[in-house]
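What follows is the residue order along each chain.
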Amino acid sequence: MELNNVKDAFGAAVPEAGTTVDVLIAGAGPTGVALGIDLARRGVRALIVERQDRLSLGARGTGLQPRTQEVYDDLGVLDAVRAAGGLYPEMARWEDGRIVETFDIIERVDPTPAAPHSNALMVPQFRNVELLYARLLELGGSVLFGTELVEFEQDLEGVTAGVRLVDGDGLRTVRAGYLVAADGGRSTVRRALGVGMSGPSLEPGAAVLADVRVDGFDRHHWHRWVLPNGGFVALLPLAGTDLFQALVAAPTDEPDTSPEAVRALISKYTHLTAEQVREVVWASIFRPKAGMADAFRIGRVFLAGDAAHVHSPAGGQGLNTSVQDAYNLGWKLGQVLRHGAPDTLLDTYHTERRPIAERILETSTRLHRSGSLRRGRDLHQLDIGYPDSPLTKELRTDVPEGALVAGGRAPDAPCHTADGKPTRLFDAYRGPHFTLLALNGTELDTDLDATALPADPDLLRIVRVGGPAPDLVDTDGHIRDAYGSDPALFLIRPDGYLALAAPAENATAHALAGLAPYFGASTSEGATPAAR
């Protein structure tokens, strides 16, 4: 059954018996839906099942770091997300009913040609996932809400899963090539696999997290009250809404999340009255946890997002890391399922993403324990890369210190087309394809063996900068500043990282060798058209 034939309304029926898809995704949070988007634009048949009967409520994680904004640009949701969000306001500390101090909690950074998205964007998670879901539907994807993954077995050829409606029986079988668990920190898939979690211990405690409407209160500050017992209360005005996100961290064993209790907590620890808290839209108990799965891949099953790693929210890293898990895994599944890449390519998901999760876990835990409120550019995740990945090939010698090398993030750069129209490198990279960037007169033979190199621009695009017939003109030297002034060849992966950096000599041979791990011999003949 094709995914487009699946009902996408809340409470959709379980799929027909014998449904077959390429990828089954458990969980329709930001991780699962982002993965669904990436697979849909690659022509990969994916089925997302979500136990809840609707998209998750609650502002929850609100920060989108600059690197995630680049991912959203490529996935086609950034404009909508930016329209729905905004920058974080100044922090205002209250004492005795008045503001005694204001300061920027998040460092403001000016954009550069190489990094056009330079500040964390505040978007409530419920709005974030709504916009991702809208993009998924636009690409022909869907989610089965109110449907849970009950059981699964894997074999050498795929995964057989049993799914059913949460409020009924009707167990149906779904056959998939791969299963991706994006089902949260309490992942039932991870537990069924027997994969352990390890990580630092955080101080025990509980807090109330709620989305509230407050009458007659300043929306120009992120408000904070420090409590004598060591706790605090914070009210963050949520961009694009009339809501505040309330966090009440007052030591107690079992906080009450009823609307009356939330109103009482806020009025108890601030100068606001319970009546001013007009409505409690959503509330939950938050307990800080930190840990990381011992393995991100078990056979044909992958763990992504909170199913693979859970973090303290300090620093706004968890959701961003989760979306980037999906972004790393999506193109690799696409290459294996649609373009003949070997299954071993999927092993690099664990190899590349687990060290990143470990680093982010250390960062968020350090910030959590320090109690520091200040947040800088070190949290933007623009410095994340894969220099030690088996997919990374740096073939140049005598590369200057500090220069861009293979494994790093491919920077942006404003430039012009050959006929004088303004454009950017990110415009050339946007889409599910690989990009060969031939710089400063590097000669690349376009009459390559079609069985070795895909000729379809939806799979591979060649972009020449400089030389006698350039595709792009480095008008103001921004490409030179980012990529260097020497003739060179760069292969940019679909997720925006440099898989290959090679000298200009023998560029065609380097290109063929660099692309070989990602394509099968029949790619150019039977490729599925990609969505843009």
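Structure: above.
Reading the values: the criteria
- Residues numbered from 1 in each chain as written.
- Predicted model: local features only at pLDDT ≥ 70, side-chain atom pairs only at ≥ 80, totals over all residues.
- Heavy atoms only, no water.
- Helix = DSSP H or I, 4+ residues; strand = E, 2+ residues; numbered from the N terminus.
- Buried < 20%, exposed > 50% of the residue type's maximum accessible area, 1.4 Å probe, protein only.
- Contact = heavy atoms within 4.5 Å.
- Axes fitted to C-alpha atoms, helices over the stretch in contact; angles between N-to-C directions.
- Parallel < 35°, antiparallel > 145°, perpendicular 65-115°, else oblique.
- Left-handed = near helix turned anticlockwise from the far one by under 90°.
- Nonpolar A, V, L, I, M, F, W, Y, C, P; charged D, E, K, R; others polar.
- Pairing = 2+ DSSP bridges.
- Core = buried A, V, L, I, M, F, W, Y, C linked by side-chain atoms within 4.5 Å.
- Expected span 1.5 Å × (residues − 1).
- Salt bridge = Lys/Arg side-chain N within 4 Å of Asp/Glu carboxyl O.
- Right-handed = clockwise from strand over helix to strand, strands pointing away.
- Phe/Tyr/Trp six-rings, centres within 6.5 Å; stacked < 30°, edge-to-face > 60°.
- Lys NZ or Arg CZ within 6 Å of the ring centre and 35° of its normal.

Asker: It is not clear to me how the overall build of the chain should be interpreted in this structure. Could you clarify?
Answerer: Scanning the chain for helices and strands turns up 12 helices and 28 strands. By its C-alpha atoms, the chain is 75 × 55 × 40 Å across when sized along the principal axes. Every one of the 532 residues in the chain was classed for burial, and the buried ones make up 55%. Across the chain, every contact between residues at least 6 apart in sequence was considered, and the portion connecting residues at least 24 apart equals 72%.

Asker: Got a minute to help me understand the packing of helix H2 (residues 66-75) against helix H7 (residues 318-339) in this structure?
Answerer: Pairs of packed helices are described in terms of their axes, by the angle between the two and the distance that separates them. At a minimum axis separation of 10 Å, H2 and H7 run at an interaxial angle of 40°. Here H7 runs oblique to H2, going by the angle between their axes. Crossing hand, H2 versus H7: left-handed. Contacts from Arg 67, Thr 68, Val 71, Tyr 72, Asp 74 and Leu 75 of H2 reach H7 at Asn 320, Val 323, Gln 324 and Tyr 327. Taken together, the residues of the contact of H2 with H7 break down into 5 nonpolar, 3 polar and 2 charged.

Asker: Would you explain the sheet that holds strand S13 (residues 221-226) in this entry?
Answerer: Pairing between the strands of a sheet is mediated by backbone hydrogen bonds and can be parallel or antiparallel. Pairing within the open sheet is mixed, and its 7 strands lie in the order S5-S4-S13-S14-S15-S12-S16. Strand pairing shows two members of the sheet lacking a second neighbour, strand S5 (98-103) and strand S16 (277-286), which therefore form its edges. Looking at each pair of strands side by side, their axes are set apart by 20° on average, direction ignored. For strand S14 (residues 232-237) and strand S15 (residues 244-249), the ladder comprises 6 bridges, and the chain directions are antiparallel.

Asker: Got a minute to help me understand the sheet that holds strand S20 (residues 309-310) in this structure?
Answerer: Spatially, 3 strands are ordered S11-S17-S20 in an open sheet, and the strand pairing comes out antiparallel. The sheet is open, and its two borders are formed by strand S11 (197-198) and S20, each paired with just one other strand.

Asker: Could you clarify how one ought to interpret the nonpolar core in this entry?
Answerer: Note on soluble globular proteins: their nonpolar side chains tend to be buried together. Judged by nonpolar contacts, the single largest core of 93 residues is most densely connected at Ile 25, Tyr 72, Leu 149, Val 180, Leu 333, Leu 489 and Tyr 518. Not counting the four nearest positions on each side in its chain, Tyr 72 is found in contact with Leu 64, Val 77, Leu 78, Val 81, Asn 128, Leu 132 and Val 323.

Asker: How should H7 be read in this particular structure?
Answerer: Count 3.6 residues to each turn of an α-helix, and residues three or four apart come out pointing the same way. Its 22 residues place the ends of H7 31 Å apart at the C-alpha level, agreeing with the 32 Å of an ideal helix rising 1.5 Å per residue. Counted residue by residue, H7 has 20 buried out of 22 residues, so it is predominantly covered. Where H7 ends, the next residue or the one after it, Gly 340, has phi of about 80°, a positive value.

Asker: Help me understand the pattern of salt bridges, please; the structure alone is not making it clear to me.
Answerer: For side chains bearing opposite charge, pairing can occur when the charged atoms are close. Inspection of the entire model under this criterion finds 31 salt bridges. Here Glu 95 ties to Arg 93 by a salt bridge, and the two come within 2.5 Å at their closest N and O atoms. Judged by relative accessible area, Glu 95 falls into the partly exposed class, the value being 38%. For Arg 93, a relative accessible area of 24% corresponds to the partly exposed category. Residues Glu 352 and Arg 493 are paired through a salt bridge, measuring 2.8 Å at the closest nitrogen-oxygen approach. Residue Glu 352 is located in helix H8 (residues 347-370), and its partner Arg 493 is located in the loop between strand S27 (488-492) and strand S28 (498-503); the two are separated by 141 residues in the primary sequence. Accessibility expressed as a relative area gives 3% for Glu 352, which makes it buried. Take Arg 493: its relative accessible area is 3%, and that puts it in the buried class. What emerges from the salt-bridge pattern is a single network uniting Asp 38, Arg 41, Arg 42 and Asp 74.

Asker: In this structure, what is going on with the pairing of strand S1 (residues 19-26)? I would like to understand it.
Answerer: Two faces belong to every sheet, and in a regular strand the side chains alternate between them. Taken across its 8 residues, S1 has 7 buried, putting it largely inside the fold. Looking at chain direction, S1 and strand S10 (residues 172-181) are connected through 7 bridges and run parallel. Bridging from a neighbouring strand, Ile 25 pairs with Val 180 of S10. When S1 meets strand S2 (residues 46-50), the two strands line up parallel, connected through 4 bridges. Bridge pairing in S2 places Ala 26 opposite Val 49. Handedness of the S1-helix H1 (residues 30-40)-S2 crossover: right-handed.

Asker: Please explain the packing of aromatic side chains as it appears in this structure.
Answerer: For any pair of aromatic rings, geometry is given as the distance between the ring centres together with the angle between the planes. Tallied over the full model, the rule gives 16 aromatic pairs. Following the ring pairs from residue to residue traces out a cluster consisting of Trp 94, Phe 217, Trp 225 and Phe 244. For the cation-ring pair, Arg 224 lies above Phe 232, with the distance from its terminal atom to the ring centre recorded as 4.1 Å. Across the ring face of Tyr 178, the terminal group of Arg 300 is positioned such that the distance to the ring centre comes to 4.6 Å.

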